[in-house]
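# Observations on chain architecture
Each chain, letter by letter, is given below.
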Amino acid sequence: MRMRCLADTAGLLRHDEREPVEVAMRQITKRFPQVFVAIYTGSLGEAAHLRRFGFWLLNRAKFADLPPGTSNAAGILLTIDPETKAAGLSVGYLLEPFLEEEDTFDCLARAHSHWLEGRYGDGMIKALEQLSWILRKRSNQAGRNPQHFARKLLPSASRSAATRRRPSGPEEVER
Amino acid sequence: MMKAWQGLVVGAWLAAPWATARNSAPLPNWSEAQRKAMEANGWLAGERILGAAADGESQPGAAVSPPDLGGGVPTAGLTAPQSPVVPVPEKFLTAYFDAKPEGFLIDPQGLLDEGATHEQLALLKAHAADSPIDLYIYIFAKDQEIPGDVRGEELCERCFGTERPTLLVFYFLGAPQQTVLYPSPSMPEAIPATEQRQALQSAIYQASQKASPPAQLEAFTIQLTKRIYRMEQMLHGISDEADGPKLSRARAAKLAKSSSSLAERWARWRPMALDLAIPGLLIASVLAASVGIIGWRRRRATYRFPELFVEPRLGGQHAAGLGAVIAFASADLPPASQRRQVAGYLRRT
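Residues numbered from 1 in each chain as written. Chains lettered and ligands numbered in written order. Predicted model: local features only at pLDDT ≥ 70, side-chain atom pairs only at ≥ 80, totals over all residues. Heavy atoms only, no water.

### Regarding the side chain of Ser184 of chain B
Residue and element names in this part refer to chain B. Within the element layout of this structure, Ser184 appears in the loop between strand 6 (180–183) and helix 7 (187–190). For Ser184, a relative accessible area of 0% puts it in the buried group. The contacts of Ser184, once residues within four sequence positions are left out, are Cys156, Phe160, Arg164, Pro165 and Thr166. (Helix = DSSP H or I, 4+ residues; strand = E, 2+ residues; numbered from the N terminus. Buried < 20%, exposed > 50% of the residue type's maximum accessible area, 1.4 Å probe, protein only. Contact = heavy atoms within 4.5 Å.)

### Section: the pattern of salt bridges
Counting across every chain of the model gives 13 salt bridges over all chains. The salt bridge partner of Asp16 of chain A is Arg14 of chain A, with a shortest N-O separation of 3.4 Å. Linking Arg313 of chain B and Glu96 of chain A is a salt bridge whose minimum nitrogen-to-oxygen distance equals 2.8 Å. Residue Arg313 of chain B is located in the loop between helix 9 (213–300) and strand 7 (319–322), and its partner Glu96 of chain A is located in the loop between strand 6 (86–92) and helix 3 (101–116); the two belong to separate chains. (Salt bridge = Lys/Arg side-chain N within 4 Å of Asp/Glu carboxyl O.)

### Some remarks on the interface of chain A and chain B
Contact with chain A, which involves 53 residues of that partner, is made by 44 residues of chain B. Buried area between chain A and chain B, summed over both chains or domains, comes out near 4500 Å², and the portion from carbon and sulfur atoms is 62%. In this assembly, chain A and chain B are joined by one salt bridge. Counting across the interface, chain A meets chain B through 17 residue pairs in polar contact (both at pLDDT 80 or more). Broken down by secondary-structure element, the contributors of at least two residues to the side of chain A that touches chain B are helix 1 (15–31), helix 2 (50–60), strand 6, helix 3, helix 4 (120–144) and helix 5 (146–152) of chain A. Counting residues per element, the side of chain A that touches chain B draws most heavily on helix 3 of chain A, which supplies nine residues. Residues that form the side of chain A that touches chain B fall into these classes: 30 nonpolar, twelve polar and eleven charged. (Buried area = accessible area lost by both parts, 1.4 Å probe. Polar contact = N/O pair within 3.5 Å; in protein donor to acceptor, adjacent residues only side chain to side chain. Nonpolar A, V, L, I, M, F, W, Y, C, P; charged D, E, K, R; others polar.)

### What about the environment of Tyr136 of chain B?
All names here are of chain B. Mapped onto the fold, Tyr136 is located in strand 3 (residues 134–141). A residue is classified by how much of its surface remains accessible, and Tyr136, at 5% relative accessible area, is buried. Remark: the alpha-carbon pair of Tyr136 and Leu167, spanning 31 residues in sequence, is separated by 6.3 Å. Filtering out sequence-adjacent residues up to four positions away, Tyr136 remains in contact with Lys100, Pro101, Gly103, Phe104, Ile106, Phe160, Thr166, Leu167, Leu168 and Val169.

### Examining the confidence of the model for chain B
Residues and elements named next belong to chain B. The predicted model of chain B averages 75 in pLDDT, with 67% of residues at 70 or higher. Taken element by element, chain B is modelled with least confidence in helix 1 (residues 4–23), mean pLDDT 55, and with most confidence in strand 2 (residues 105–106), mean pLDDT 90. Every residue in residues 52–80 scores below 50 in pLDDT, and together they form 19 contacts with partners more than four places removed in sequence or on other chains. Across the interface, the model reports ipTM at 0.80; the global pTM reads 0.44. (pLDDT = per-residue confidence, 0-100.)

### Concerning the nonpolar core
If you look at the biggest cluster of nonpolar residues, it comprises 60 residues, and the most contacted ones within it are Ile76, Ile80, Trp115, Met124, Leu131 and Leu135 of chain A. Ranked by residues supplied to this core, first place goes to helix 4 of chain A with eight residues. Apart from residues no more than four positions distant in its own chain, Met124 of chain A is found in contact with Leu13, Val21, Ile39, Thr41, Leu78, Ile80 and Trp115 of chain A. Among the nonpolar cores identified, the runner-up in size contains 47 residues, and Val88, Tyr96, Leu167 and Met187 of chain B belong to it. (Core = buried A, V, L, I, M, F, W, Y, C linked by side-chain atoms within 4.5 Å.)

Below, the structure is given as structure tokens:
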């Protein structure tokens, strides 16, 4: 499925709103060269689930305006359904260790008041600003302590073993 | 030849004044009770003009003799107020003019009765309590003349020269139009003479509206005190203006003092300031440059994430659907309560 990074199929953005939103999207890519942002607006119908749709779209879409070889795993997809008045933020595998579900909620919460008033463009820009702030913070944390994020990817059993401290006592000293 | 109707018109025109005179209303007459009441108050309206007619000699039907307007040929002095003819008795001159009076009402001849004196004194005392301009009223009879060697200006300077602003009034009972007003030496500087003249004229006018001399005096005093209140306002304005330069001078002196102390301080600190100026400027510019460079670098900085291997889940090649979903259907609910929880099957195990 081919689409552009900004696919406003629901027609939520006015002509003069598209450019600022695209600038905000480019800023993310400029500051975080491994990452890109895609936005999709459209009615999904009652049967569709927004999170499942994000999951599906991020795996299946081919973004036409991305450099060749860019993996969708580096994508951040913002989906807005104006009919059910819901929005979702999905991230690829690249950012999965670094972003919590809470972080993505914070981004959407920043846009909430704007979307309530129907100002979708402003809401998108606010959400992307918050996303940029969180990504910068996580990037700095990952640069300082990458093991912290790597440990989150381990299965729970391995994680508990890795975090368990070896007992230190007289026996070990004797050995 | 004159026609008959023309003759009738000319005859009617010639007879008109005669008919008017016959039909005009008779002159007013005082009844005996009214006359006695007015005479008791010491003043009879129209007495001077009507002369004998006002004295009751004119009876209805009697021949009206022309009023005696002073006799002789009319002169330019006819419209001027009639001057008093009797000098103030010598025995009262000391009480009037020798020293500063003790009360605000000076009536050694006892021209006012006790009640009127009491009321007038109360009025003047009340005025003196409220006003910074005192008012002294000297009472004379309407036909009295102030001796030539007594001058109001001299009296003011002698008795009220060092006092606060004062107005002296020579009031002729029953003849308010003869009243003379003398301001004390402190007054002319503060209050324009025109204002004093207008105050006097206004008070005389109010007095002339009353019939009896005591009522005239009361009306005169009340109106004069009102006009004095206007003078007070002018005095306040002038004193405020006079205080203004004083205040500004004090403020200027204070500023000069503080500025001189600042100058002294600057002179004391100047060598040290000059010594520290160049290093301080250098440090400040280095700090500003550092802040600018840091900001510029932060704006241009790029951030990278370590590429960690994430095991694909749910058959997703690039993503597993992690992320929040929010509803913005209701403005009444906060975003947190419109948050849709992550489905369990999408959570990383």
